[in-house]
Every structure is written in C-alpha cells, then in structure tokens.
Amino acid sequence: MSLLVVGLSHRSAPVSVLERASLNADAQNKLLQDTVAAEPAAEAAVLATCNRIELYADVDKFHAGVAELSTLLAQHSGVGLEELTPHLYVHYEDRAVHHLLSVACGLDSMVVGEGQILGQIKDSLARAQDLHTAGRLLNDLFQQALRVGKRAHSETGIDRAGQSLVTFGLEQLAAGAEVSGWARGKKALVIGAGSMSSLAAATLARAGVAEVVVANRTFERAERLAHLLEEQYGRGLTEGDDTDVVARAVPMDAVPAELTRADVAVSCTGATGLVLTVDAVAAAVEGRTGEPVEIAAAPVAPVAGAPLPPTSVGTEDGCPLDLSAAQSGFSVMGEAAVAGLDAAALEQHGAWAAGGTAVDQPRESADADLISALAATAATAGRVPEMRRPEPVHEVPRPEPVLFLLDLAMPRDIDAAAHRLAGARLVDIESLAEASADAPMASDVDQVRRIVADEVAAFGAAQRAATITPTVVALRSMAAEVVASEIARLEGRLPALDDKHRAEITQTVRRVVDKLLHAPTVRVKQLAAEPGGAGYADALRTLFDLDPETVASVSRAGNSTEKNRGPA
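Computed from a predicted structure; not experimentally measured.

Caption draft 1: Up close: the confidence of the model for the chain. Of the residues in the chain, 74% have a pLDDT of 70 or more, and the chain-wide mean is 80. In this model residues 321–338 is a low-confidence stretch, pLDDT under 50, and it forms 37 contacts with partners more than four residues away in sequence or in other chains. Segment residues 385–390 is flagged for pLDDT under 50; beyond a separation of four residues in sequence, or across chains, it makes 13 contacts in the model.

Caption draft 2: Main features of the layout of surface pockets. Taken as a whole, the largest pocket encloses approximately 1200 Å³ of empty space. Lining of the largest pocket is provided by 41 residues; of these, Gln28, Ala48, Cys268, Thr269 and Gly270 occupy positions nearest its centre. Contributing elements (two or more residues each) for the lining of the largest pocket: helix 2 (25–37), strand 2 (41–49), helix 6 (116–130), helix 11 (195–207) and strand 6 (211–216). No other element matches helix 6, which puts six residues into the lining of the largest pocket. Split by residue class, the lining of the largest pocket holds 19 nonpolar, 18 polar and four charged.

Caption draft 3: Seen up close, the sheet that holds strand 9 (residues 403–407). The six strands are arranged 7-6-5-8-9-10 in an open sheet whose pairing can be described as parallel. Each edge of the open sheet is held by one strand with a lone partner, namely strand 7 (246–251) and strand 10 (424–428). Across the sheet, the axes of successive neighbouring strands diverge by a mean angle of 15°, strand direction being ignored. Two elements, strand 6 and strand 7, share six bridges in a ladder whose sense is parallel. Bridge pairing links Val212 to Ala247 in strand 7.

Caption draft 4: Main features of helix 14 (residues 278–289). When the terminal C-alpha atoms of helix 14 are compared, their 16 Å separation across twelve residues agrees well with the 16 Å that a helix rising 1.5 Å per residue should span. Inspection of helix 14 places Val278, Val281, Ala282, Ala284 and Val285 among the buried residues, and these make up the whole buried set. The arc that holds every buried residue of helix 14, seen down its axis, measures 160°, which confines them to one face. Exposed and oriented more than 90 degrees from the buried face of helix 14 are Asp279 and Gly287. Where helix 14 is buried, its residues meet helix 13 (255–261), strand 9 and strand 10.

Caption draft 5: Geometry of helix 9 (residues 165–174). Most of helix 9 is tucked away: seven of the ten residues are buried. Of all the positions in helix 9, only Leu165, Val166, Phe168, Gly169, Leu170, Leu173 and Ala174 are classed as buried. Among the residues trailing helix 9, Ala175 stands out with phi positive, at a value near 55°.

Caption draft 6: Expanded view of the pattern of salt bridges. Tallied over the entire structure, the rule returns 22 salt bridges. Asp108 is the salt-bridge partner of Arg11, the closest N and O atoms lying 2.8 Å from each other. Pair noted here: Arg11 is in the loop between strand 1 (2–9) and helix 1 (15–21) and Asp108 is in the loop between helix 5 (94–104) and helix 6, with a separation of 97 residues, a long-range link. With a closest N to O distance of 3.6 Å, Glu430 and Arg412 form a salt bridge. Taken together, the positions of Glu430 in helix 17 (residues 429–436) and Arg412 in the loop between strand 9 and strand 10 put the pair 18 residues apart, joining distant regions of the chain. Through salt bridges with shared partners, a single ionic network connects Arg11, Arg52, Glu54 and Asp108.

Caption draft 7: Just the side chain of His76, in detail. Along the chain, His76 turns up in helix 3 (residues 62–77). A polar atom in the side chain of His76 sits 3.0 Å from the side chain of Asp34. Excluding residues that lie within four positions of it along the chain, His76 makes contacts with Leu23, Ala27, Lys30, Leu31 and Asp34.

Caption draft 8: Spatial organisation of the pairing of strand 6. In terms of residue burial, strand 6 counts as a mostly covered element, since six of its six residues are buried. Of the two faces of strand 6, both are covered, the one formed by Glu211, Val213 and Ala215 as well as the one formed by Val212, Val214 and Asn216. Both strand 5 (residues 187–191) and strand 6 contribute to a ladder of five bridges, which runs parallel. Directly across from Ala188, in strand 6, lies its bridge partner Val212.

Caption draft 9: Up close: the packing of helix 2 against helix 3. At a closest axis distance of 10 Å, the pairing of helix 2 and helix 3 adopts a crossing angle of 150°. When the axis of helix 2 is compared with that of helix 3, the two are roughly antiparallel. Taken as a pair, helix 2 and helix 3 cross one another with a handedness that is right-handed. Taking contact as the criterion, the partners of Ala27, Lys30, Leu31, Asp34 and Thr35 in helix 2 are, on helix 3, Leu69, Leu72, Leu73 and His76. Of the residues in the contact of helix 2 with helix 3, the class split is five nonpolar, two polar and two charged.

Caption draft 10: Main features of the packing of aromatic side chains. One pass over the structure, following the stated rule, counts three aromatic pairs. Here the aromatic rings of Tyr56 and Phe142 are separated by 5.4 Å at their centres, their planes lie at 80°, and the arrangement is edge-to-face. You can see Tyr56 sitting in strand 3 (residues 52–59) and its partner Phe142 sitting in helix 7 (residues 136–155), a full 86 residues away along the chain. Tyr56 sits in the buried class, given a relative accessible area of 0%.

Calculation rules
Residues numbered from 1 in each chain as written. Predicted model: local features only at pLDDT ≥ 70, side-chain atom pairs only at ≥ 80, totals over all residues. Heavy atoms only, no water. pLDDT = per-residue confidence, 0-100. Contact = heavy atoms within 4.5 Å. 1 Å grid on protein atoms, 1.4 Å probe; cavity = no way out; pocket = protein on both sides within 12 Å on 5 of 7 lines; lining within 4 Å. Points joined across faces, edges and corners; volume = space filled by probe spheres on them. Helix = DSSP H or I, 4+ residues; strand = E, 2+ residues; numbered from the N terminus. Nonpolar A, V, L, I, M, F, W, Y, C, P; charged D, E, K, R; others polar. Pairing = 2+ DSSP bridges. Axes fitted to C-alpha atoms, helices over the stretch in contact; angles between N-to-C directions. Expected span 1.5 Å × (residues − 1). Buried < 20%, exposed > 50% of the residue type's maximum accessible area, 1.4 Å probe, protein only. Arc of directions from axis to C-beta. Salt bridge = Lys/Arg side-chain N within 4 Å of Asp/Glu carboxyl O. Polar contact = N/O pair within 3.5 Å; in protein donor to acceptor, adjacent residues only side chain to side chain. Parallel < 35°, antiparallel > 145°, perpendicular 65-115°, else oblique. Left-handed = near helix turned anticlockwise from the far one by under 90°. Phe/Tyr/Trp six-rings, centres within 6.5 Å; stacked < 30°, edge-to-face > 60°.

In structure tokens form, the structure reads like this:
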C-alpha cells in the first residue's frame, strides 16, 4: 500500500474554481466514506481549507487510485471532472509526505508561514479518526505533520514571515497603514463564530477597535464568543494597556442594521450562498453617508472592428511574415506572429506552413490548422488583432471608503460586485491571493525546507522499518510456541520435575531463544529502514517459513489500533 494525495489549491486553481469545489462538513464525511469504500483505497483523510481541498489515501494501485480519487473529488465537489482535472495535482509516496509536511509548516500557504493550518490538519485527522477512515499510515503521517509544523515554528523565525490570513487581510484593508492605528476606535461586525471568525474578532480587539458585534446563525455561539472577548479585552490587561472593547452578540437577522453602524465587517461562515449581497452593502454605505451609492462599471472588452496599425510582411524563405518583427519566445507560426495580417496574407502563410520550409522539413499540422482558423477569423473581422500590452485604463477617482469588508469564506460570503461600490473597500480570498503573490519570503524559509527534507527522510525510514515489524512479531510468536512445545515435551519425559527446576529450565530456554533472535531482528529492522529495504521482510518469512496469514493478522491488529488513536 502507498500514500497518494490528489487535490487543488490556490497555487493550481483560480479562486472561482476553488469556491465552487469547496466542501462543507457533510460533504467531507461522505467523501471519506466513499473513498474507503472504493477498491484502490484502504484509508482516507480530507484536508479542506479556504484555499485548498486535498484527498489523502493509502492505495494499492497508483493509476487506479488517481482515477478514483479524482472522480470522487469531482462528484462530491459538484465540479465536472473535465473542468476539475486541469487544476488537480498528484503527489505519491515520498512526494506526498513532503507535500503535507510543507503544508503543515506554512510553506504552501497563501500567506507563507501562517500557523492556522496546524489546527486545520488536526481537525482533518480527528474527522478521519471519528469516521474510522484513518489507519496506521495516515495516523502516522498526520501526527508527524503536526509535530514538524510545531518544530518549524519553534526552531525557526518562519513566524516573522508568516501571519494569519486575518492579519494579512486587515493589512490589505488598511492599504499600507499600520493595522493598529487604522483599526483604533472603529466599530467591527464579525459574521460567524467559527475558528477563523474568532481569530478575526480577537485580532480586531487587540488592534484597538472600540466595539465588536458578533452575529451567528446559532445565537448561543455568538454569545459565547462575545463573552470571551469581553473577558479578555474588555479592560486593560496590563499597566499601560488601554484596550477596552465592548463586545455583544446579535442574531443573523440583525446584520443589515449592524452593517450600517459598522466601520469594518469580517465574514467567514459555512453558508453555501451569499451572506451579504451587493444591495445590502450599498444600503449600508448609503445609510452611513446619506447619499446614493454609485457602482463603478465593470471592465469592458475592446470594441471589435477598431482600426489597427498596419503590419509589415516579409518574404524570407517564401514566408509572408516579417520574421524579424516576431516577438521573442513565440512561434513564428503562432498567433502573436500573424497579428495584424489580413485574410489573404494568412491564407498564403497557411499554405507555406503546410508545405514546408527552405530545407523542406514538414510543418506540424496543428500549426497549419491554427493558421487556417485564424484566416477564417480574419476573413470576417478584416485582420487578426495585434497582441500588445493594453493601454493603462484611466480610473475615475473613488471616494474614501466608509465601510471596510473582509471576506474569508470559501465559497464567498460577500458579493464580489461590492468591489465596484463607491464608499466600500472589499478584500476577499481572490484579492488576497493576488496580493500574496508579491509578498516577500523570510530568510528562515530555507531552514524550514531543510527541516522538511530531514523529516521526510525520517518518516520514510520509520515506515519502511514498520513494514517488517509484523514479520518480526510473527517470528517471535513462532519461537515462543516452539519453547512452549519443547517444555511440554520435557515435562512428559520428566514427570517428577519439581516446579522450581521446571521454571529455571523454562527461563533458560527462553533466554537462549531471545539471545539468538535479538541480533538478527535488530539488524533486519535497521536494514529495512534503508531505501530498498522492503525485501528483508520477505527474506525473513522465507528463511523461517512463517505463515503469511499470521503476519497479516498481526498487521491488521496494529492497523485497527491506529484507527482509534486520537490526534496529538
């Protein structure tokens, strides 16, 4: 059996796909149950966060496992397999281990070094254990990931590079200002009472907001969070600490009214639909300013048929293109090279591409087909539009925002159209992904990568050594049975043997057997831990003629125990 992970994240898929593929708690449970019911998988765990969905499994066949896990992800996410497949990544065996350990250390996070992922990994393991889908391999792997993540944060300065998604989002809202100065005195509305919402509420309270209002579908959870905020931040905690936050809970139907009062709103719920529509946000801004709210126009594509500059045409090697004018890095038969040509020139170029070059080497038919298609387009439009950098768009100045919105939910809680509302500033997962692409990485990242590499090697060695353990246990069990059989035979031959001598003989025989087996079993475990050491278990079974079913039963017993072990 081997470890396989199939998934998608902010690195492989646009936020629009991640949003549609997100899995709620019930969908995650069903996915786990269906995965272990599938033929190639024996264990399964799901890691689902706001910017990744990954399915881990212990499979006996690689290709069948990839096909099955991909199909299950598509079925349970509701995104078609053909659409989902281009965004999926696959990691196998050591690469799969390396991936999860990197994720646990925050190296693969949208905000490098963030520590929230450790709690999400712990929740993922707990879910798999509750559903009895995690066996020895996934228990060991996820426990190791938690340990390595904690080690990375304690032994390196990755925390200096990393920050929570909440903090990063608030920095984007503050637009370069210090969050503590920007937030001080503001009124905040937090929608949701889960772990991310709780972190947002605590971060805002520490930053100095005057009030935090918590709204949640389960009012008791909102009350509990508000009470905790009052306890921790309702008065100065140390001398010179002027923190004095008012915290209260409201039901969800009070959100529109509270939004009108709020300066900043953070939303992170498990809702499948929008929590705040663009009309609700517009009404809140209008309620604060007393003036109608304008919605900026969406970007407009260039108008078809606009006049284009002429394109020169050359005759080198019979080609109707000016090769010297072709953009570097593009195929001379590609779309960039033929930009601006009219239909007649394209037809001539298509015939040249299909016929051959100066050295009579045949062109790829795909290129000729492309040019023929371009020629058909040019016959209708006149010529192919040139591929060039668009002119900077002149943006109409917008008023300073009076309402700041942070959407950390996946799928989104706040209508993306709120980006275009005058008087509002929205930061969501999509804009955070764009901003994080330019974020600097800490010098400690290399140190964390070395930790990950060392831990991957250690995990592989431990797993290889573990594969021989059932064989060693079966060997010792067989030796114990031989000792018991010989002692029984001795008692039959010496019935007058007293208890004292019988016990001494029994102990002596056991010591002899233990000493004979000690060095070989210790050495075979060491050898099995090395790359390519899996064959030592087979050799041991062959040399001592061990019953394969006895070895398998020991392995099953160990795996059953691991399935019920709790997270670290």
